[in-house]
Structure formats: structure tokens, C-alpha cells
Amino acid sequence: MKRYILSALTVVVTAVAAAPAVQAFEPTLSLQARRLEQLDTQSKAVSNIQAERLNHLDAQTKAVEDIQAERLFHLDSQSKAVSNIQAERLNHLDTQTKAVEDIQAERLFHLDTQSKAVSNIQAERLNHLDTQTKAVEDIQAERLFHLDTQSKAVAKIQAERLNHLDSQTKAVR
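What counts as what
Residues numbered from 1 in each chain as written. Predicted model: local features only at pLDDT ≥ 70, side-chain atom pairs only at ≥ 80, totals over all residues. Heavy atoms only, no water. Helix = DSSP H or I, 4+ residues; strand = E, 2+ residues; numbered from the N terminus. Buried < 20%, exposed > 50% of the residue type's maximum accessible area, 1.4 Å probe, protein only. Areas by Shrake-Rupley, 256 points an atom, 1.4 Å probe, with all protein chains shown as cover. Salt bridge = Lys/Arg side-chain N within 4 Å of Asp/Glu carboxyl O. Expected span 1.5 Å × (residues − 1).

A. Local environment of the overall build of the protein. Scanning the protein from terminus to terminus reveals 2 helices and 0 strands. Sorting the 173 residues of the protein into buried and exposed places 3% on the buried side. About 15,400 Å² of surface is accessible on the protein, with carbon and sulfur atoms providing 60% of the total.

B. A look at the pattern of salt bridges. Scanning the entire structure with this criterion turns up 2 salt bridges. Of the charged contacts in the structure, one is a salt bridge between D66 and K62, with a shortest N-O distance of 3.4 Å. Here K62 and D66 lie together in helix 2 (residues 31-172), a separation of 4 residues that amounts to about one turn. Between D102 and K98 there is a salt bridge; the shortest N-O distance is 3.4 Å. Taken as a pair, D102 and K98 lie in helix 2 at a separation of 4 residues, close to a single helical turn.

C. Broad picture of helix 2. Between its first and last C-alpha, helix 2 extends 204 Å over 142 residues, near the 212 Å set by a 1.5 Å rise per residue. Among the residues of helix 2, R34, A45, I49 and E52 are the ones counted as buried.

Remember that the coordinates give geometry; whether it matters functionally is a separate question.
Structure follows, in C-alpha cells:
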């Protein structure tokens, strides 16, 4: 691009510098024709320079658009990657939460099972104590009955002895 602009400027400067030399060799051309030719040359050089500048600006615009498109693609890729990472983190947190909930449920189940086992053991112990108490009460009732029976037997024996002594006493009198 720079070369082309420099070449065009060189042509313009050469044309301007060569114009007096051309005048000396071409006496037949009129002054207006030479000026018109010089203006045409300058106009063509300016048109070429403007066209080159326009091409250069178009190329820059396209390069900027390509860079912006690439940046947008890169930003989209980063956004997708961030979204994927966040989704993966959320999934991981959900998995951890579920694992913790499962562990807590298992612990609660275990505690419930232990509580039920303790309740069953205590109920069994209470039942055993009730059975032992009833057995002791039965034994004590049996002993009391036995003692009552012995007391009644002793009282009967004593009553019979007393009757026998009374009979002996009456017989002696």
C-alpha cells in the first residue's frame, strides 16, 4: 500500500517536474493542452491514490470485522465454558447435597432402629421385672399360705392339747 502511494506520488512529482522539459521539446502543443494533460495526470494519480486508500480502508474494516467476529466467537466460547463449568459445579453440589441427605437419612434410620431396639430391650426388661415380681409375689403368697397352714395346724394342735388338758383336768377333779 505504501509502495503504491509512494509510486503514485513519484509519478505526480515526476510529471510536474518533467512538464517544463516537455514544453521545451514540444513547442507545437499549446499551453492549455499541456495544462489539461498535467491536470489529467494529476487527477488520475489522485484517483489512484483515493482508490488505494479506499481499498486500504476496506481491508482495515474487514480486518476489524474479522477481529471482532473472532473476539465475539471467543467470548461466546468462554461464556459457554463458564456456563458448562457452572452447570458442572451445580451438578456436583446437587450430588453432594443428595449424598449428605442420604447419609443423614441413613443415620436417622440407624438412630430410629437403635431407639426401637432400646425401647424393645427396656420393654423386655420391664416384662422380665414384672415376671420376677409376680414370681416373688407368688412365692411370698405360697409362703404366707404355708405359714398360715402351719399356724392353723399349730393352733389346732394347741387347741387339741388344751382340750386334752381340760379333759384331764376335769377327770382329775
